[in-house]
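Analysis of the macromolecular model
Listed here are the chains, written in short residue letters.
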Amino acid sequence: MTKRQKWIFTGLCILWFLYALTFTPSGDDLSRFYRLAQPDFRFLPLLPEHYMNLNGRVLGNFFSFFFLEPWWLRALVKTLSIAIISHSLWKIAKGKWTVGLIVSFLLVTAIPLAIHTQVYPWSAGFFNYTFPIVPLSWIVARLTDEKKPHPAVALVFGVICTLFVEHVTLFLLVFSVIMLILRAKKRIDSVWLFFALGVLIGAGIMFSSPVYRDVASGEDWYRNVPADGHALQTQLFKNMRQIGPYLLAGQPLLSLPLFGAGLFLLEKKGERIVWGAFFFVLAVLFVPIGAQTLFIRGMDSRPLGTVIVALVLHFAIWVFMLLRVREYTDQKDRGALVGALFAWMMLFAPLAIVSPIGPRNFYAGTMALTLLVLILLKQVGVLQWKYTGVIAPVFLAGVLLWRGHAQWVNIQIYRERNRIIHQAMQEKRRTIIIPAYPYPDYIHGNQKEKLDQLFMYEEIGDITFLLEGEEE
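These numbers were taken from a predicted model, which means no experiment stands behind them. (Residues numbered from 1 in each chain as written. Predicted model: local features only at pLDDT ≥ 70, side-chain atom pairs only at ≥ 80, totals over all residues. Heavy atoms only, no water.)

Glancing now at the overall build of the chain. Counting its regular elements, the chain contains 21 helices and two strands. Along the first, second and third principal axes, the C-alpha atoms of the chain reach 75 × 60 × 55 Å. Taken over 472 residues, the chain has a buried fraction of 53%. Intrachain contacts of the chain at a sequence separation of at least 6 include 76% that bridge at least 24 residues. (Helix = DSSP H or I, 4+ residues; strand = E, 2+ residues; numbered from the N terminus. Buried < 20%, exposed > 50% of the residue type's maximum accessible area, 1.4 Å probe, protein only. Contact = heavy atoms within 4.5 Å.)

Dropping the structure here:
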């Protein structure tokens, strides 16, 4: 980075830090606050208990406690994480230009609200779903540098990346097998071998958790994997209702540049017609017509046919980028392009048949799609275009102000709630009336989720919380 780029990037990080200070804790964050309030690090015994009975997310579970308090540290860690991810994606895409750095920061920030709420403000989600992309993007950016990191560093980062969330670990397992094959053919540097070995070690640690045996056997209370064809089809239909829009169409800041860049790169008229046809069908399927999209209507009436059409369409776009669009990119960028395509597919694929899933699960795949878009925007010269240098920061500022306003209003209500609850508890009330959040879409879970695990007299549930206007 040049000195000018460092100053600009620092300014972006300061803005994001101020934005992160407005995030409202919700859901599992509240139960973690209760644990952290206990003396002598009483949350630590929970970690082996979680490993034995909840999941193998060793680092995700630890960091979700360790960085939760104080509030300014939580905001700082989130800001540094966004900085590392956006800088690393820019570096992998070989953007070089300052505009590309701003665009990368924008795309990492302005993800769809449903995903944003579960991976940035909600800290339990952040430390399990956003945090693994930090070491992963950082080490990949350096493994693609001319000056490679030390093999020991690659090994350690391979282990670290696998100890957060399962579908990222599964992706890395497949990725590592490919790396081992390529290394055997001497097509990649030996340092990739150490990263792959680290992944195998880390995956072994994660999936050694006894919980996954229960999941596989259908005995887990929370998660399940289909045991037969009927269950598989039912789960696929259920999950595709959620996943379908976010594969591409529900990401307008990514799908529109992807379409435009591809159309610009393709030189043959026939290829442009095919590319345009793919995105026309995508728009017909996912753009709302009245209250619903054709995709949702199809999932209600003809789920099998709708799923087949959606998957075939996305696979056709994927294959067309791999076989045709790639041919029009610079030779030195093709490896990163193929890697991004592979990651985009593999980070979404496992989500089709597991339960439960939510928007937070789509974050890793969204970052792969972001990298893909950055590479293509670079190819068509958008990251060198002076007008992009004006539009991108203005758009970023608009997103931070718009969403920051909603976060700010909610955090004031959060503080008012705490004041009301503490006062009511001093008066030993068993029923406490609290105000509702004005922007519930910016809060993970319902308005009262896990409140009874933070505020209690002797045991969970001995206080009843009601929203203003709600009857008991």
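Turning our eyes to something else, we now look at the pattern of salt bridges. What the rule picks out here adds up to eleven salt bridges. With a closest N to O distance of 3.3 Å, Lys 91 and Asp 145 form a salt bridge. With Lys 91 in helix H5 (residues 71-92) and Asp 145 in the loop between helix H9 (133-143) and helix H10 (151-161), this residue pair connects regions lying 54 residues apart in the sequence. In this structure, the salt-bridge partner of Lys 378 is Asp 333, at a minimum N-O distance of 2.9 Å. (Salt bridge = Lys/Arg side-chain N within 4 Å of Asp/Glu carboxyl O.)

This next bit is on the side chain of Thr 306. Turning to its location among the elements, Thr 306 is positioned in helix H18 (residues 303-323). Assessed through its relative accessible area of 9%, Thr 306 is described here as buried. Residues in contact with Thr 306, not counting those within four places in the same chain, are Phe 295, Gly 298 and Met 299.

As a further point, take helix H4 (residues 58-66). Along H4, the residues classified as buried are Leu 59, Gly 60, Asn 61, Phe 63, Ser 64 and Phe 65. Turning to H4, the residues buried within the fold contact helix H2 (28-37), helix H3 (46-53), helix H8 (123-130) and H10.

Another aspect to go through is the packing of aromatic side chains. Under the definition given, this model contains 35 aromatic pairs. Residues Phe 278 and Phe 320 carry aromatic rings whose centres are separated by 5.8 Å and whose planes lie at 80 degrees to one another, so their mutual orientation is edge-to-face. Of the two residues, Phe 278 is situated in helix H16 (residues 269-286) and Phe 320 in helix H18; the sequence distance between them amounts to 42 residues. By relative accessible area, which is 18% here, Phe 278 ends up buried. Where Trp 385 meets Tyr 387, the ring centres are 5.3 Å apart and the plane angle is 70 degrees; that geometry is what we call edge-to-face. Chaining the aromatic ring pairs together yields one cluster made of Phe 62, Phe 63, Phe 66, Phe 67, Phe 126, Phe 127, Phe 131 and Phe 164. Sitting over the ring of Phe 65, Arg 32 keeps its end group 5.0 Å from the ring centre. The ring of Phe 126 has Lys 78 sitting right over it, with the charged end atom 5.5 Å from the ring centre. (Phe/Tyr/Trp six-rings, centres within 6.5 Å; stacked < 30°, edge-to-face > 60°. Lys NZ or Arg CZ within 6 Å of the ring centre and 35° of its normal.)

The final tally for this structure, using the stated rule, is two cavities of 30 Å³ or more. By volume, the largest cavity is sized at about 100 Å³. What lines the largest cavity is a set of 13 residues, among which Pro 25, Leu 30, Arg 417, Tyr 437 and Leu 451 lie closest to the centre. Top element by residues in the lining of the largest cavity is helix H21 (residues 388-426). It accounts for three residues. Classifying every residue of the lining of the largest cavity by side-chain character gives six nonpolar, five polar and two charged. Counted as a void, the second largest cavity has a volume near 40 Å³. Forming the boundary of the second largest cavity are Ala 20, Leu 21, Phe 23, Trp 71, Arg 74, Ala 75 and Lys 78. Each residue belonging to the lining of the second largest cavity can be placed in one class, and the counts come to five nonpolar, no polar and two charged. (1 Å grid on protein atoms, 1.4 Å probe; cavity = no way out; pocket = protein on both sides within 12 Å on 5 of 7 lines; lining within 4 Å. Points joined across faces, edges and corners; volume = space filled by probe spheres on them. Nonpolar A, V, L, I, M, F, W, Y, C, P; charged D, E, K, R; others polar.)

Okay, the pairing of strand E1 (residues 431-434) next. Residues Ile 432 and Ile 434 point to one face of E1 and are all buried, whereas Thr 431 and Ile 433, pointing to the other face, are not buried. Direction of pairing for E1 relative to strand E2 (residues 464-467): parallel, over a ladder of four bridges. From the neighbouring strand, Ile 432 faces E2, where its bridge partner is Phe 465. (Pairing = 2+ DSSP bridges.)

It is worth spelling out the packing of H16 against H18 at this point. Two numbers describe how H16 lies on H18: the axes approach to 11 Å, and their chain directions differ by 150 degrees. Taken together, H16 and H18 sit at an angle that is classed as roughly antiparallel. Here H16 and H18 pass one another in a crossing that is left-handed. Contact residues: H16 offers Glu 271, Val 274, Trp 275, Phe 278, Phe 279, Val 281, Leu 282, Leu 285 and Phe 286, while H18 offers Val 309, Ala 310, Leu 313, His 314, Ala 316, Ile 317, Phe 320 and Met 321. Of the residues that constitute the contact of H16 with H18, the class distribution is 15 nonpolar, one polar and one charged. (Axes fitted to C-alpha atoms, helices over the stretch in contact; angles between N-to-C directions. Parallel < 35°, antiparallel > 145°, perpendicular 65-115°, else oblique. Left-handed = near helix turned anticlockwise from the far one by under 90°.)

This next bit is on the nonpolar core. Soluble globular proteins tend to pack their nonpolar side chains together in the buried interior. Counting 124 residues, the largest nonpolar core has Tyr 120, Phe 195, Met 321, Trp 344 and Tyr 363 as the members making the most contacts within it. When residues in this core are grouped by element, the largest group, twelve residues, is from helix H20 (residues 363-379). If you look at the next biggest cluster of nonpolar residues, it comprises 20 residues, including Leu 68, Ile 413, Tyr 437 and Leu 454. (Core = buried A, V, L, I, M, F, W, Y, C linked by side-chain atoms within 4.5 Å.)

All we've got here are geometric facts, nothing functional implied.
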